[in-house]
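What follows is the residue order along each chain.
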Amino acid sequence: MHSYGRQSNFTWNGTLRELSNYSCSERVRPSMAAPGSSSGLEVLLSTLQNAGDIESTLSTLNVLDELLSAGTDRRILYMISKGGSEALLSALVTTARTFSPNFTILLPLLHLLAKVGHRDRRIGMKAEKAEAVMLTLNLLKQNERHSRMTAACLWVIQVFCSSVTTATLLGQNRGLDVIFRLIPPYTTRHTRTVKAAIDAFAALLYSMANVKTAVAKGYVSGLLRLYEDWHNKDTGHEAVPIRLALLHCLQQATHCRFGRDALAAHGGMSLLYHSTQTCLASKGLESLVEPAVQLMRKCCPKCPLALTSDRSVYTFVLPGRPTETPPGPQHVGFEDDSDDDAENEEADCTKEYDDDLESDVNKLRSRPELDRPLEQLGQYVRLCPELQHDFQDLDSGSEVDDSSDEEDLLKGDFWNDRRSTVTHRDSPSRSPVDHTASTAEDGDRDVKGEPAEIHLQARDLHSHFLSSSGLKPDGHPSMVDRLLEKHGACIPHHEPRLYAAAAALTKSIPGYSILAFPDFWGHLPPQSKEPMAGRKPNVQRKKVLEDVQRLLSPEDIINEVVFDLEDPSNQCSSDHSGSLSFFSQFECGNLRKAVRIRSHEYDLILNADVNCSQHHQWFYFEVSGMAADIPYRFNIINCEKANSQFNYGMQPVLYSVREALEGRPHWVRTGTEICYYRNNYYPSQGWKICSFYTLTFTVTFRHNQDVCYLAYHFPYTYSALQSHLQGLQRSVDPDKVFFRLQSLCDTLGGNPCPLVTVTAVPSSKSWRDLHQMRNRPCVVLTARVHPGESNASWVMKGTLEFLCSSDPRAESLREAYIFKIIPMLNPDGVINGTHRCSLNGEDLNRQWLKPDSVLSPTIYHAKGFLYYLSSIGRTPLVFCDYHGHSRKKNVFLYGCSVKETLWQSGSKVNTATVKEDPGYRTIPKSLDRIAPAFSFNSCNYLVEKSREATARVVVWREMGVLRSYTMESTYNGCDQGVLKGLQTGTRELEEMGSKFCQSLLSLRRGTTPYKTRVMCHPALELDHIFLDHNSHNCFEDDEPPCVEEIEYLTDIFPKSKGNDLDTEVNGNTSSTDEEEEDEPEMNRNGRQHSLESHLCPHLIGQETLNIKRNGMSISEGQYLS
Ligand SMILES: [Zn+2]
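Overview of the structure. Given the structure is predicted, the values throughout are model-derived calculations rather than measurements. (Residues numbered from 1 in each chain as written. Predicted model: local features only at pLDDT ≥ 70, side-chain atom pairs only at ≥ 80, totals over all residues. Heavy atoms only, no water.)

### Focus on the overall build of the protein chain
Argument step 1. Summing up its helical and strand segments, the protein chain has 43 helices and 20 strands in all.
Argument step 2. When each of the 1121 residues of the protein chain is scored for burial, the buried share is 61%.
Argument step 3. A separation threshold of at least 6 residues defines the contact pool for the protein chain, and within that pool the share at least 24 residues apart is 79%. (Helix = DSSP H or I, 4+ residues; strand = E, 2+ residues; numbered from the N terminus. Buried < 20%, exposed > 50% of the residue type's maximum accessible area, 1.4 Å probe, protein only. Contact = heavy atoms within 4.5 Å.)

### Some points on the packing of aromatic side chains
Argument step 1. Evaluation of the coordinates by the stated rule reveals 33 aromatic pairs.
Argument step 2. Aromatic pair F586 and Y709: ring centres 5.9 Å apart, planes at 65 degrees, arrangement edge-to-face. Of this pair, F586 sits in the loop between β3 (581-583) and β4 (593-598) while Y709 sits in strand β13 (residues 707-711); the two residues are 123 residues apart in sequence, bridging distant segments of the chain. Here F586 and Y709 have matching classes, each one buried.
Argument step 3. Note on Y602 and F634: the rings are 6.2 Å apart at their centroids and 25 degrees apart in plane angle, and the pair reads as stacked. With Y602 in strand β5 (residues 601-605) and F634 in strand β7 (residues 631-639), the pair connects residues that are 32 residues apart, well separated along the chain.
Argument step 4. With relative accessibility at 0%, the residue Y602 sits in the buried group.
Argument step 5. Residue placement shows R257 over the ring face of F258; its charged tip is 5.2 Å from the ring centre.
Argument step 6. The aromatic ring of Y860 is capped on one face by R372, whose charged end is 3.9 Å from the ring centroid. (Phe/Tyr/Trp six-rings, centres within 6.5 Å; stacked < 30°, edge-to-face > 60°. Lys NZ or Arg CZ within 6 Å of the ring centre and 35° of its normal.)

### Topic: the pattern of salt bridges
Proximity of charged atoms lets side chains of opposite charge pair with each other.
Argument step 1. Scanning the model with the defined rule gives 46 salt bridges in all.
Argument step 2. Close ionic contact of R174 with D177 constitutes a salt bridge, the shortest N to O distance being 3.3 Å.
Argument step 3. Look at R174 and you get exposed, because its relative accessible area is 53%.
Argument step 4. Note that E546 is salt-bridged to R633, the shortest N-O span being 2.8 Å. One end of the pair, E546, is in helix α29 (residues 539-552); the other, R633, is in strand β7, and 87 residues separate them in sequence.
Argument step 5. The partly exposed category is assigned to E546, whose relative accessible area is 21%.
Argument step 6. One connected set of salt bridges, linked through shared partners, spans E546, D547, R550, R598, E601, D603 and R633. (Salt bridge = Lys/Arg side-chain N within 4 Å of Asp/Glu carboxyl O.)

### Some details on the pairing of β4
Argument step 1. Burial analysis of β4 places six of its six residues in the buried class, the great majority of the element.
Argument step 2. One ladder, built from four bridges, connects strand β2 (residues 560-564) with β4; its direction is antiparallel. Paired with E560 across the bridge in β4 is R596.
Argument step 3. Bridge count between β4 and β5: five bridges; the pairing is antiparallel. (Pairing = 2+ DSSP bridges.)

### Focus: the nonpolar core
Argument step 1. Membership of the largest hydrophobic core comes to 135 residues, with the highest contact counts inside it found for F582, F634, Y709 and F996.
Argument step 2. When residues in this core are grouped by element, the largest group, seven residues, is from helix α33 (residues 790-803).
Argument step 3. With 114 residues, the next largest nonpolar core counts L88, Y219, A292 and C300 among its residues. (Core = buried A, V, L, I, M, F, W, Y, C linked by side-chain atoms within 4.5 Å.)

### Here we look at the packing of helix α5 (residues 84-98) against helix α6 (residues 103-117)
Argument step 1. Closest axis-to-axis distance for the α5/α6 pair is 10 Å, and the angle between their directions is 155 degrees. Relative to α6, α5 is oriented roughly antiparallel. Helix-helix and strand crossings are classified by hand; for α5 and α6 the assignment is left-handed. Residue-level inspection shows S85, L88, L89, A91, L92, T95 and A96 of α5 in contact with α6, the latter providing I105, L106, L109, L110, L112, L113 and V116.
Argument step 2. Looking at side-chain class alone, the contact of α5 with α6 contains twelve nonpolar, two polar and no charged residues. (Axes fitted to C-alpha atoms, helices over the stretch in contact; angles between N-to-C directions. Parallel < 35°, antiparallel > 145°, perpendicular 65-115°, else oblique. Left-handed = near helix turned anticlockwise from the far one by under 90°. Nonpolar A, V, L, I, M, F, W, Y, C, P; charged D, E, K, R; others polar.)

### Some thoughts on helix α40 (residues 986-999)
Argument step 1. An ideal rise of 1.5 Å per residue puts 20 Å on 14 residues; α40 measures up with 20 Å between its terminal C-alpha atoms.
Argument step 2. Along α40, twelve of the 14 residues are buried, which leaves the element largely enclosed by surrounding structure. (Expected span 1.5 Å × (residues − 1).)

### Looking at the coordination of the zinc ion
Argument step 1. Protein coordination at the zinc ion comes from H786 (ND1), E789 (OE), E789 (OE) and H883 (ND1), with a distance range of 2.1 to 2.3 Å.
Argument step 2. Taken together, the four donor atoms coordinating the zinc ion span angles of 58 to 148 degrees at the metal, a pattern that classifies the geometry as irregular.
Argument step 3. Written as a sequence motif, the donor residues of the zinc ion are H-x2-E-x93-H. The two residues H786 and E789 agree in class, both being buried. (Donors = N, O, S within 2.8 Å, 3.2 Å for Na, K, Ca; no water. Tetrahedral: all angles 85-135°; square planar, octahedral: opposite > 155°, others 65-115°.)

### Comments concerning unusual backbone geometry
Argument step 1. For Q705, which is not glycine, the phi torsion reads 50 degrees and is therefore positive.
Argument step 2. Mapped onto the secondary structure, Q705 falls in the loop between β12 (693-700) and β13.

### Description of the side chain of S691
Argument step 1. Its location among the elements puts S691 in the loop between β11 (681-682) and β12.
Argument step 2. In terms of polar contacts, S691 uses its side chain to reach the side chain of R678, at 2.6 Å. (Polar contact = N/O pair within 3.5 Å; in protein donor to acceptor, adjacent residues only side chain to side chain.)

### Topic: the packing of helix α15 (residues 240-253) against helix α18 (residues 286-299)
Argument step 1. With their axes 10 Å apart at the nearest point, α15 and α18 run at an angle of 15 degrees to one another. It follows that α15 is roughly parallel to α18 by the angle criterion. When the axes of α15 and α18 are compared, the crossing they make is left-handed. Judged by residue contacts, V240, R243, L244, L247, L250 and Q251 of α15 engage S287, L288, P291, A292, L295 and K298 from α18.
Argument step 2. By residue class, the composition of the contact of α15 with α18 is eight nonpolar, two polar and two charged.

Okay, structure coming up:
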């Protein structure tokens, strides 16, 4: 502490105490200064403004610096709150005007202003008001040859530019020119001042008006040349901060399109690319790589996807709609409100309460009227066969035969007429398979006596699939049949010929006639565990640099279309020598176009949902013609979501035909160097401001000339469901299990939507047993309303198989409940490979409020059926709709709770007066204990306005189902429990389906007095459920920010921290010019957290004051050199 030992117009001790209190304890408020008297600080500030002589001004500055340097930022903030910035500005203006300029005072004053102003968010405005802005610019102009003074002015200007209007004002007054002139080519002199100039220039570019001026004046090119010069000559890597600062200027200057164009036009991409290669090779230059890479991403010219139209290749003429005006939004920025999304990221995290939550109690509790005439519900009588069946044949021991009277009468029952086709010999009429071409090849092979599978070719697999009878028209078994004979795997609940027969009846828009091998052959989960993929450091950087190379060396790029759904000459052709072959024209397939980029790299473009130009996410395609052990890079370049689990350990899935023939019919997780990032493509007819994301992954195939399939997730087709249901129907014990397969309705595309009833056959036909059976509570389960969520189908498969099994818990469940299951609410979407929508281009899970009977028949009738159940007093005990979640891990439930929604929405309603049965928590609590993939903490029970048309909310609100859920299963894996760190496979998904059923046993007590043998399981004792009220907002992202920047528009140079500027300011005062040259360190470390007192150069500290005391003129001080 200084001991000046004089001055009576303010109290040292009081001021110091006050300031240190402020910094030590938040409880001490400024108002606690002695009442009635000005605080010491205020006196100090007033002295500064009114000081008429140099000595007292200097002393005051010194004291202030001493005070502010000893503590934390909080001291400065306190000083700002007391008008510190204004006092400094006023002193600056007075000094600059009065003392024609006196550097002895100006320099410390500017230094202190830089330190304080940097922490004052309104400093720009205050400076304008004090008329200090132009004054500082003029000071700068007048002292360009004085290094320290220049640096000090530049810092202050940089600080002023935190206000955009101030930056603009400076720009309008030639500030850009003045400052740009101060940035020299490579030099070792005055590097601190050079950096101050570059930082000030970057700060001026916070104003868009200045960016435009800078671009127009050619400063982008100037900055590039400067960067090049410093890069080339700074061989000792001593000027890294200066090079970084130049990159920052370029980053700022490319905020407008003209800036980006200018950078590209002046060779910026090449310069940045090549300088980055050098930086990657040098240890000390690592910090320059990331900013340069991000700058390259940002300035890469945007280009449209090479498509004739953004709309799906497949269109469907909707009944009653003209052909040319399909519904659905056109590129509204890809913001959808899917269940699993938090697209509006910024909006939510800053708000205390979520606006999306319903806060109106009446709306939360209302039970709206029927959306249709009551009479219409009569049609659903047929969907409750268990209620009409008299079980007269029970005593004879034979269950109802497959053409029971009532079923024959049921209109829309589809299975009877399908069954006959299984034994049909001729290929189905809709199967335009070209037999002639491949017959010859098969013949050749037979002559040579080689096993067909040695020459595995996709086109052989594409023939004869649908003629599943085993014999081709010429009487010879087809190749696939021979393979099946020889290698067929025994997969539970899967029979390939049954599958082919079911597929032959499936109606698709393109009229698919070819089966994907994995769907036909079947899949068994692999034995080994599949951990999440580790992410190599800087994998995205590597990929982006490869992408930039395309631009710089176009001659190295093949750019050959090797597959195009719209061009028949480019479909699975082998004309492209050395290229992989692609194919996607089969059920659930999605790949629109493949372009060969380099010899082992392909760009892939996905097809939009039918009648739509969005929702690119699901993919499923065949690839063949590969060489073994060579890494192939695949880039899906038109993804839409802002982030993806592919950045967090998820891998796509692969199925190899050769592996299957060798006895390993597995979908396996595959791919290395996986990452997901925003790219520079925009829709072919859309706005340039939208851009897509790239999912890139690398696959190394095991076998030469294999035929493989790649998919977003384990495929599960509509035909798979049909054959699975038929298999189940055959497998159940008809004496025990009442299993009925019916059609809810036909879809728009003409496919029946299955509805399954499962319950226990009553023990006898006695009135008592029949009565018990007919009074079992209903459980309604649905799935796959979103076609891309194939995980939901695997969970449903697990549910169905468990319910039909002989497991004693399954028996109990059947005895306790009647299950009504609609396993696929959106068959058309699934069949045609869409991700989100049905054929009308709409998300069916947003139609539940008022479903259209023509355009959304499955939802219309599912809702009608639920109304019907309610109308006969059989409101379901539980409703659950199975989904998949692409941005979170684990499996979890969304439910509905009035209280929790009110709590979370910040509603003023006194929830103590709201009565609510907490029973909606029983199932999640139970699952938490019994299902390893399930995460209770991820569940929530909030009713969002944006979800009011979903099945979960409508069934809860309109039907009054307390336990109405969406069950979300991750595409990735688990981050808790015994499955932690593993990706989920079909085994885990199916297990989840069976566990969900088991959790229903926890509800059984009290609902039925019958057998309770399973109820004593300790895991199911759920007497008192603790309500922790801590529902999370369901749509927030679980994941931390990605390790690498997904977006490229974000500012990677956050405004510099106060400490950095302090360090530089202190450097300006603690060293002489000579020292500066030996010590170009500039904030080399960021550890300097205290505001060390270096404000006044050491010579001023004591000596100058002494000089003054001795009566010497201060104007002779060394600063007027
Ligand atoms: Zn969904």
